[in-house]
2 protein chains.
Amino acid sequence: MGVDTRWLTPEELAAWRSYTTLTELLEVELGRDLGPSGLSYPDYLVLVMLSEAEPHRLRMQELGAALSWSKSRLSHQLRRMEARGLVGREDCPSDARGTYATLTPAGLAAIRAAAPLHVASVRRLVVDVLTGEELATLGALSDKLRDRLDARG
Amino acid sequence: MGVDTRWLTPEELAAWRSYTTLTELLEVELGRDLGPSGLSYPDYLVLVMLSEAEPHRLRMQELGAALSWSKSRLSHQLRRMEARGLVGREDCPSDARGTYATLTPAGLAAIRAAAPLHVASVRRLVVDVLTGEELATLGALSDKLRDRLDARG
DNA sequence: CTCCTTTAGTTGACGTGTCAACCGAAGGTA
DNA sequence: TACCTTCGGTTGACACGTCAACTAAAGGAG
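The present account deals with the structure reproduced in this document.

1. Digging into the protein's contact with DNA strand C
Taken together, 27 residues lie around DNA strand C, and A:Gln61, A:Ser72, A:Ser75, B:Ser40 and B:Ala96 are the ones closest in. When contributions to the surface near DNA strand C are tallied by element, the ones reaching two or more residues are helix H1 (10-34), helix H3 (60-67) and helix H4 (71-83) of chain A together with helix H2 (41-52) and helix H4 (71-83) of chain B. Here the element with the most residues in the surface near DNA strand C is H4(A); it accounts for six residues. Class assignment of the residues belonging to the surface near DNA strand C gives a composition of five nonpolar, eleven polar and eleven charged.

This is the structure in structure tokens:
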């Protein structure tokens, strides 16, 4: 068994490589565009979540779930960001195990400065390159694949 | 200026987040599925390229171009793989600056063992989840975006 | 109350990837 | 010949992310 692998057809392989190559390039490019702001892409994602919360704080728990990040990834990321003064940590009164991640004034200023840059980057590289219909299709296909990922695991 | 940022519409934002979330999850999942083989995803990509070459070797140059990797990324990756005996390095006779990356017997054995695992993973997570038409659409959209990326820079 | 499992989060070691600085050879041009 | 730029590749410092081990509190079951 295992010997009878169903290899990918040339068409399947081509489509798959197109997709993976794109995502790798895109990630690098988005990160580079964000560079001038002094924020990395992970930094940006964290700050977006915190700035959308009211008040500007979230349990590590919720933050991790919203980003689909592992506990340890989040913990490391916040440690680095805390060292740079972008976020803070507070104990949770109602659950002694819990921790709130909070947005500092410096973090708020940073995300406000970076957001226009990032949006312009996303538009230039993706959103404005596709028609509305194409973008919707891309989103729908992504959702379909994601559902399967979540379902199985 | 810059103040008049064209923010993403809710539809655009939703599609964009679907796409990015998917790719993050997918990357983690593909890496995990490859785990039992002892190879990482980057390892796998390098070995695929070398095993497709005849004889089993490529100039760093070509390898980097084929993978769209930076020189330094490739150099680091090969150093680590060489230490594990998966690849070797040879001087290039015709250009004293050049280096060949070569596939060792251990590297060949590793890729032969890992390939069925990886293909099964790609099928399970992506290829077999979509219809042929959907997959082709995904590939075409990726190509379109990639063209724009290459064109601009 | 005691024990046990689950939940929340942190830490350390390690593989990965970026950037910038560097080195030596190749290939002009004067 | 000498000079100068480009090319091919390596290195070091540092940011990122995974896994596995760990601490400590919460929430049951007996």
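2. Remarks on the sheet that holds strand E2 (residues 87-91) of chain A
Residues and elements named next belong to chain A. Reading across from one edge, E1-E3-E2 is the order of the three strands in this open sheet, with antiparallel pairing throughout. Looking at strand neighbours, the two that pair on one side only are strand E1 (57-59) and E2, the edges of this open sheet. If you compare each strand with its neighbour and ignore which way they point, the axes differ by 30° on average. The sheet strands contacting H4 are E2 and strand E3 (99-103), and the helix crosses E2 at an angle near 115°.

3. Describing the relation of the copies chain B and chain A
Put simply, the two copies of the chain differ by a rotation about an axis and a shift along that axis. The transform that puts chain B on chain A rotates by 180° and translates by 0.0 Å along the axis, for an RMSD of 0.1 Å. In symmetry terms, the pair is related by a two-fold rotation axis. Comparing contact sets, 98% of the residues at the interface of chain B also lie at the interface in chain A, consistent with an isologous, same-surface contact.

The rules behind each value
- Residues numbered from 1 in each chain as written.
- Chains lettered and ligands numbered in written order.
- Predicted model: local features only at pLDDT ≥ 70, side-chain atom pairs only at ≥ 80, totals over all residues.
- Near = placed C-beta within 6 Å.
- Helix = DSSP H or I, 4+ residues; strand = E, 2+ residues; numbered from the N terminus.
- Nonpolar A, V, L, I, M, F, W, Y, C, P; charged D, E, K, R; others polar.
- Pairing = 2+ DSSP bridges.
- Axes fitted to C-alpha atoms, helices over the stretch in contact; angles between N-to-C directions.
- Contact = placed C-beta atoms within 7 Å.
- Least-squares fit on C-alpha atoms with pLDDT ≥ 70 in both.

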